[in-house]
Amino acid sequence: MELTGADIFARCLAEEGVEYVFGYPGGAVLPIYDALYQQDKVKHILVRHEQAATHAADGYARATGRPGVVLVTSGPGATNAVTGIATAYMDSIPMVAFTGQVPTAMIGNDAFQEVDNVGITRPCVKHNFMVKDVNDLAETIRKAFYVATTGRPGPVVVDIPKDITVHKAEYKYPKRVNMRSYNPVTKGHPRQIKKAIDLMLTAKRPMLYTGGGVVLSNGSRALIDITRLLGYPITNTLMGLGAYPATDRQFLGMLGMHGTYEANMAMHNCDVLIAIGARFDDRVVGNVEKFCPTAKIVHIDIDPASISKTVKVDVPIVGPVDQVLKEMLKVLKESKATPDAAALKAWWEQIEEWRAMDCLKYEQDSETIKPQYVVESLYNVTKGKAFVTSDVGQHQMFAAQFYKFDKPNRWINSGGLGTMGFGFPAAMGVQLAHPKETVACITGEGSIQMCIQEMSTCRQYGLPLKIINLNNGCLGMVRQWQEFFYQGRYAMSYMESLPDFVKLAESYGHVGMQITKPEDVEPALQEAMKMKDRLVFMDFLTDSKENVYPMVPAGAGQNEMILV
Amino acid sequence: MENEAGALSRVAGLFSARGYNIESLTVAPTEDESLSRMTLVTSGTADVIEQITKQLNKLIDVVKLMDMYECAHIEREMMLIKVRAANGGREEVKRLAEIFRGSIIDVTNTIFTIEVTGTSDKLDAFVNAVDQADIIEVVRSGVTGIARGEKALHV
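Residues numbered from 1 in each chain as written. Chains lettered and ligands numbered in written order. Predicted model: local features only at pLDDT ≥ 70, side-chain atom pairs only at ≥ 80, totals over all residues.

## Quick look at the sheet that holds strand β15 (residues 387-390) of chain A
All names here are of chain A.
Point 1. What the six strands build is an open sheet, ordered β16-β15-β17-β18-β20-β19; its pairing is parallel. The open sheet is flanked by β16 (411-412) and β19 (511-515), the only strands paired with a single partner.
Point 2. Note: strand β18 (residues 466-471) against strand β20 (residues 536-541), six bridges, orientation parallel. Paired with L470 across the strands is F540, a residue of β20. (Pairing = 2+ DSSP bridges. Helix = DSSP H or I, 4+ residues; strand = E, 2+ residues; numbered from the N terminus.)

The following block contains the structure:
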């Protein structure tokens, strides 16, 4: 059957099982919008800014494991989407972003709303395509989804010139695509797995350090099983939170720049480090020279380029985390060998001493609301079951430290790129994916203003998000660094003329609340959570002088933490 | 590499984005028109070269990669050099070209254009051997390479 490119596009998306497309129309994509209008399989969510479309698709992907889909027009539509594409790229999130393009004959003419999308996005995508023939459209879309979701996931951009969407071609959706130069690893090498287990069992002071790769590969179950079987301590990176239950005794909390004392000390002093789906990011490692000085390192990762990129490892295993961990469990159970119980006992005693420091302790007085208290209260009120997105800054760290995630895919934040403005639109994607669940966006008065226009989108689609605005009147993390490292010269970290968030929320048709007293925090949260079908914007006026502790200053060793 | 628009810029972009150095780069289609072959000369410590190799392999347009320094191989580069050659100088330049097994491929009353092929060192040596004041223009192709013996880079 002959179809136009636009109809082929709509068919392909339906074929891929796409539920939602997040987008914004414009000249170059009008034929596509016309085709979407005439079908009912794929729903389109109209955002208020293309950046939000990408973050919403990203949030949807993180909460479901399915690829997020974006559709924007050429030129500014595409450039506005770049931040969200780069965000997804840094956190290896499966996403397919379709960008409109001027007609093929006009490419390179500086036509109206023309920009080199393929060129601009090249460094921040897993791969990108420009479709130059309508006969290639279906196969290219199939390839885009295949590349985005397999191996180490990532965003793929498909640039579609307008004439391609109007031309006709025989429609056939390829079941399978063959790409000779793209063959992601599907299994870890058995000999490396055996070597890793041998090393892990010799450990006197073992440590598991796991990251976002566990979440992305659905490896949480296998990780829990192997961690419990071994009885080893475990820490998660910012991206890996929830992959191991935070309320479990073996969990030492998050590690890294704002990680717990016990997690960082255990990292520094371990003799065997088992890194799983984590990439030795600088916010985790600190000073490479001082990193885990006494440890032999096992590293499991799907991406060979992540192995020994910054930190040299002793036993690399390239493969999907889930498969490798399951294989490890099998080998462990079959072998009679067990960990050194006496050494492990002594190691745990040491760890408990570190844990007794209670490094996250804070004091809530009766006057000013502490941001930590708001997050803890949110945790209590939602019984730890909410999906929580965050923006970037102090509130993000407080959320990571104080909301104890027991399940994966529930903690959604921009870890790699650190994109302010991410949390709110990401929460929209999460809420659409899980309409019955509580979705909270922990944010600050700085970050929320970067995508605040999406309150209008939430109104249109009835998304009952709970926005937890930790409003300390300043860009908290910037202020903190200025206090620590710039002798208190607070350059541009205090904002004047903040809006009245309550009235703002109300003007968009939502519920607004302002909470100023500590004793009102819990009751207000209770009240907000009861409003199941309303977006509630909760503006908490919090202590502007509060800092995030512990802190490993950039370039220091993991054992060199500022504690208070 | 896939012989597709954009493949070259993915490689070039990777090098600039990650701070690697390209010393020379040559690329042209092969006997299989869906493929083109690139020879890229770079430098770095063993760790850096390992990262470059891994990052290049990640590019979807890169079909197969071979580190020539890990095997016996042959390198060649071609140079066209335009030299002022008048009166008594003509014989001297001609002799020099013969020593380097170059060939004079264009002649005017005052100018020889010489083609020299060989390793980059040999081309450097030729450039140095010519009186610097007589050199009008030099164009070099960049290095191409191939493994010795049975070993071959093919899909």
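Structure's up, so let's keep going.
## Things to note about the interface of chain B and chain A
Point 1. Taken together, the contacts link 15 residues of chain B with twelve residues of chain A.
Point 2. Secondary-structure elements contributing two or more residues to the side of chain B that touches chain A are α1 (7-17) and α2 (46-58) of chain B.
Point 3. Each residue belonging to the side of chain B that touches chain A can be placed in one class, and the counts come to five nonpolar, five polar and five charged. (Contact = placed C-beta atoms within 7 Å. Nonpolar A, V, L, I, M, F, W, Y, C, P; charged D, E, K, R; others polar.)

## Observations regarding the sheet that holds strand β9 (residues 206-210) of chain A
All names here are of chain A.
Point 1. Reading across from one edge, β11-β10-β9-β12-β13-β14 is the order of the six strands in this open sheet, with parallel pairing throughout. Each end of this open sheet is capped by a strand with a single partner; those strands are β11 (251-254) and β14 (315-318). Averaged over neighbouring strand pairs, the angle between their axes works out to 15° when direction is ignored.
Point 2. Relative to strand β10 (residues 234-236), β9 runs parallel, the two sharing three bridges. Residue pairing across strands places L208 opposite I234, the latter belonging to β10. (Axes fitted to C-alpha atoms, helices over the stretch in contact; angles between N-to-C directions.)

## Quick word on helix α10 (residues 220-230) of chain A
Residue and element names in this part refer to chain A.
Point 1. For α10, the full list of buried residues reads S220, A222, L223, I226, T227 and L230. Take α10 and look down its axis: the buried residues cluster within an arc of 160°, on one side only.
Point 2. Those residues of α10 that are buried lie in contact with β9, α9 (212-216), β10, β12 (272-276) and α13 (321-334).
Point 3. Phi turns positive, to about 75°, at G231, one or two residues after α10. (Buried ≥ 20, exposed ≤ 12 C-beta atoms within 10 Å, placed from the backbone. Arc of directions from axis to C-beta.)

## Observations regarding the packing of helix α11 (residues 261-269) of chain A against helix α14 (residues 341-355) of chain A
The angle between the axes and the distance between the axes are what describe a pair of packed helices.
All names here are of chain A.
Point 1. Running from N to C, α11 and α14 cross one another at 140°; their axes reach a closest spacing of 8 Å. Pair α11 / α14 crosses with right-handed handedness. For the pair α11 and α14, the contacting residues are Y261, E262, M265 and A266 in the first and I351, W354 and R355 in the second.
Point 2. Here the residues of the contact of α11 with α14 are counted per class, giving five nonpolar, no polar and two charged. (Left-handed = near helix turned anticlockwise from the far one by under 90°.)

## Brief notes about α13(A)
Point 1. End to end, α13(A) covers 20 Å across 14 residues, agreeing with the expected 20 Å (1.5 Å per residue, within 8%).
Point 2. Of all the residues in α13(A), the buried ones are V321(A), D322(A), V324(A), L325(A), E327(A) and M328(A). (Expected span 1.5 Å × (residues − 1).)

## Side note on the packing of helix α1 (residues 5-15) of chain A against helix α6 (residues 137-149) of chain A
Residues and elements named next belong to chain A.
Point 1. Close contact between α1 and α6 brings their axes to 9 Å; oriented N to C, the two are set at 30°. Looking at the two axes, α1 sits roughly parallel to α6. Between α1 and α6 lies a crossing whose hand is right-handed. Between α1 and α6, the contacting residues are G5, I8, F9 and C12 on the first element and L137, A138 and I141 on the second.
Point 2. Within the contact of α1 with α6, the residues separate by chemical class into six nonpolar, one polar and no charged. (Parallel < 35°, antiparallel > 145°, perpendicular 65-115°, else oblique.)

## Observations regarding the environment of N128(A)
Residue and element names in this part refer to chain A.
Point 1. Topologically, N128 is positioned in strand β6 (residues 127-130).
Point 2. Spatially, the C-alpha atom of N128 lies 9.3 Å from that of A97, the residues being 31 residues apart in sequence.
Point 3. Filtering out sequence-adjacent residues up to four positions away, N128 remains in contact with V118, T121, R122, V156, V157 and D159.

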